[in-house]
Amino acid sequence: MRARLAIVGADVITLDPARPHASAVAVGGDGTIVAVGDDAEIRALAGAGTELVDGTGLTVTPGLVDSHIHPVWGALLARGPELRDVRDVAGLRDVLRAERARLGPDALVRGWALDYAVLDGVDRPGELLEELAGGPALLSYFDLHSHVATPSAIARAGVTEPPRLDGNSEIVFRDGRPTGELVELPAYWLVNDALDPISPAQLRDGVRDNLRRFNALGLTGGHAMDGDLEAYALLDALEADGELTMRLVVPLLLLPQTSDEQVADYLRHRDDRGALWRGGVAKFFADGVVESGTAWLEEPDARGGGTDCYWPDPERLHELIVRFAQAGFQCATHAIGDRAVRFALDAYAAAATAPANGGQHRIEHLEIATDELLARCAAERVAVSMQPLHGQWRAGDRSDEWTRRLGPTRAGRAWRAADAAAAGALLPLGSDWPVAQADPRLQLGYARLRRLPGRADMPVLDREQALSARRALAGLTTEAAAVVGQSATAGRVAPGFDGDLTAFAGDPLGDADALAELPVALTVVGGRIVHRA
Ligand SMILES: [Zn+2]
């Protein structure tokens with residue numbers, strides 16, 4: 001077969017045991033790899049219609065896949081400037097003033113990924129924000145569990161007293177006035193939708209732009225953990241327009257408020273797919289996050305939190321996991337606390353069925369896990385879908401909320417990536433963007449260094465959980481393919497595999513600190529160049 005794309009003169013890390021290294025690779029017209037070899041072999045496959053890339057100086061790896069990312073949810077929530085690098089109030093003022101100048105006096109100024117430390121201890125953050133932004137503003141903290149709105153934004157949304165909201169969501173009032181704090185998403189949506197709702201066209205363009213940004217970071221695929229049938233329709237529309245530039249596995253999300261009719265409907269959509277995206281996965285939340293006391297723990301945290309499942313009726317959650325698993329869905333359960341992990345394992349064991357897609361049921365996050373739970377994951381063929389990158393918010397002196405709530409013993413079991421691998425569990429890695437940075441180079445570096453690459457000033461809190469360079473790369477390639485049952489067609493540079501490639505201007509297995517600045521030269525999805533530096 002003639003090649004659509006051929007890269008020659010490169011160093012190809014294939015992750016294929018049959019041929020670990022090559023200098024050239026060709027992708028055919030059907031988007032799969034037709035040959036891997038030396039330059040002469042691959043040049044022989046090139047013709048008039050072949051895009052021939054001189055790979056001199058490039059290191060090519062299998063296309064990098066983020067096993068936990070939210071391109072759709074991010075398009076809905078990550079609006080305005082990213083505030084991840086803002087360190088203090090003065091820095092926040094600079095960003096917000098620039099937005100105000102750009103948008104005009106009456107517009108809603110937005111921002112996301114704010115560090116809690118910036119407004120820590122401020123009595124009425126909404127009033128300070130009003131001053132900083134010079135008018136109405138709405139910001140989200142990095143974990144998207146808390147948000148801040150100015151009093152003017154809250155008033156414009158028609159909120160004059162604490163509204164009734166789902167779950168523990170709240171627009172906080174004190175002495176009859178809003179403090180500006182919005183707890184959990186229902187409060188955020190109330191203000192957002194009154195002032196600045198997102199249109200279907202904006203959402204579509206937002207998802208498209210996110211995928212392009214991810215491509216530029218070297219990502220070719222993702223497990224997009226925010227699916228519903230609207231997301232499926234959106235991906236179909238993007239694909240029809242040639243704008244779906246990542247290969248996505250997209251779960252359907254089941255929540256406590258999901259009705260029985262909705263459940264029945266979702267069960268009919270197991271085999272939905274396009275050319276580059278597919279469903280077949282059901283996503284559940286067994287708990288929340290440690291910092292707010294909503295991670296489900298075997299023993300309460302230091303503030304008495306962590307005692308509850310996210311579902312008011314855990315029995316129903318268990319039944320639904322079993323039902324979707326037995327219908328052939330792959331199940332993915334958000335379980336941060338040790339009790340939540342045990343709950344998910346028990347439900348998967350009760351279902352006693354492997355996913356129809358050939359992958360493994362999976363647990364998302366596992367921020368603290370005992371030896372026993374890791375051994376169960378390995379023995380029961382349940383994948384450990386972990387985000388070591390989330391360790392970055394801990395303080396070197398252990399004064400952060402995550403560490404304080406868990407106490408030394410449990411905090412000593414943080415993101416046990418090396419132990420999970422040693423136990424024999426599948427270990428796909430993810431960022432959970434927009435929660436953490438989507439950049440896979442930061443993921444690779446963090447997994448190896450247990451701090452961000454290029455940031456020698458950051459504390460290293462659990463060096464023994466560092467992964468080798470190859471094991472970290474496997475987390476974004478072969479393990480990411482295996483968890484969704486695609487070991488035979490994805491995650492390697494080998495004939496017959498998906499033509500998904502990432503090329504760096506240097507060796508991603510080299511100095512881990514250099515990953516922070518390692519240029520992404522080329523990103524290829526199905527033989528199509530989706531990013532070129
Ligand atoms: Zn997530």
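Here the structure is shown first, and the text comes after it.
Residues numbered from 1 in each chain as written. Predicted model: local features only at pLDDT ≥ 70, side-chain atom pairs only at ≥ 80, totals over all residues. Heavy atoms only, no water.

### Here's the deal with the coordination of the zinc ion
Okay, so step 1: The zinc ion binds to the protein through His68 (NE2), His70 (NE2) and Asp432 (OD); the donor distances cover 2.1 to 2.2 Å.
Okay, so step 2: Sequence spacing of the donor residues for the zinc ion, all on one chain, is H-x1-H-x361-D. With His68 in strand β8 (residues 64-69) and Asp432 in the loop between α14 (417-423) and α15 (440-449), the pair connects residues that are 364 residues apart, well separated along the chain. Each member of the pair, His68 together with Asp432, is buried. (Donors = N, O, S within 2.8 Å, 3.2 Å for Na, K, Ca; no water. Helix = DSSP H or I, 4+ residues; strand = E, 2+ residues; numbered from the N terminus. Buried < 20%, exposed > 50% of the residue type's maximum accessible area, 1.4 Å probe, protein only.)

### Some remarks on the pattern of salt bridges
Okay, so step 1: Considering all chains together, one arrives at 37 salt bridges under this definition.
Okay, so step 2: The salt bridge involving Arg471 is made with Glu479; its shortest N-O contact spans 3.3 Å.
Okay, so step 3: The exposure class of Glu479 is buried, given its relative accessible area of 14%.
Okay, so step 4: In this structure, a network of salt bridges that share partners links the residues Arg204, Asp205, Arg208, Asp209, Arg212, Asp241 and Glu243. (Salt bridge = Lys/Arg side-chain N within 4 Å of Asp/Glu carboxyl O.)

### As for the pairing of strand β12 (residues 170-174)
Okay, so step 1: In terms of strand pairing, β12 meets strand β13 (residues 177-183) through 4 bridges, oriented antiparallel. When the bridges of β13 are listed, Ile171 appears paired with Leu182.
Okay, so step 2: Hairpin geometry of β12 and β13 is characterised by an intervening segment of 2 residues between the two adjacent antiparallel strands and by a positive phi of about 55 degrees at Asp175. (Pairing = 2+ DSSP bridges.)

### Re the packing of aromatic side chains
Okay, so step 1: Counting across every chain of the model gives 12 aromatic pairs.
Okay, so step 2: An angle of 75 degrees between the planes, with centres 5.1 Å apart, marks the rings of Tyr188 and Trp189 as edge-to-face.
Okay, so step 3: Residue Tyr188 is classed as buried on the basis of its relative accessible area of 1%.
Okay, so step 4: Centre to centre, the rings of Phe324 and Phe329 are 5.0 Å apart; their planes meet at 70 degrees, and the pair counts as edge-to-face. No difference in accessibility class separates Phe324 from Phe329, as the two residues are buried.
Okay, so step 5: Of the aromatic side chains, those joined through ring pairs into one cluster are Tyr116, Tyr141, Phe142 and Trp393. (Phe/Tyr/Trp six-rings, centres within 6.5 Å; stacked < 30°, edge-to-face > 60°.)

### Some points on the sheet that holds strand β4 (residues 24-28)
Okay, so step 1: If you walk across this open sheet you meet the 4 strands as β5-β4-β1-β6, and the pairing is mixed. The sheet is open, and its two borders are formed by β5 (33-37) and β6 (51-54), each paired with just one other strand. For this sheet the average axis-to-axis angle between neighbouring strands, irrespective of direction, equals 10 degrees.
Okay, so step 2: Of the pairings in the sheet, the one linking β4 to β5 comprises 4 bridges and is antiparallel in character. Bridge pairing in β5 places Val27 opposite Ile33. (Axes fitted to C-alpha atoms, helices over the stretch in contact; angles between N-to-C directions.)

### Focus: the nonpolar core
Okay, so step 1: With 98 residues, the main nonpolar core has Leu248, Phe284, Phe324 and Ile363 as its most contacted residues.
Okay, so step 2: Considering each element in turn, this core owes the most residues, 8 residues, to helix α11 (residues 338-351).
Okay, so step 3: Apart from residues lying up to four places away in sequence, Phe324 is in contact with Leu254, Val263, Tyr266, Leu267, Ala282, Phe284, Phe329 and Cys331.
Okay, so step 4: Ile33, Val493, Phe497 and Val524 belong to the second largest nonpolar core, which has 20 residues in total. (Core = buried A, V, L, I, M, F, W, Y, C linked by side-chain atoms within 4.5 Å. Contact = heavy atoms within 4.5 Å.)

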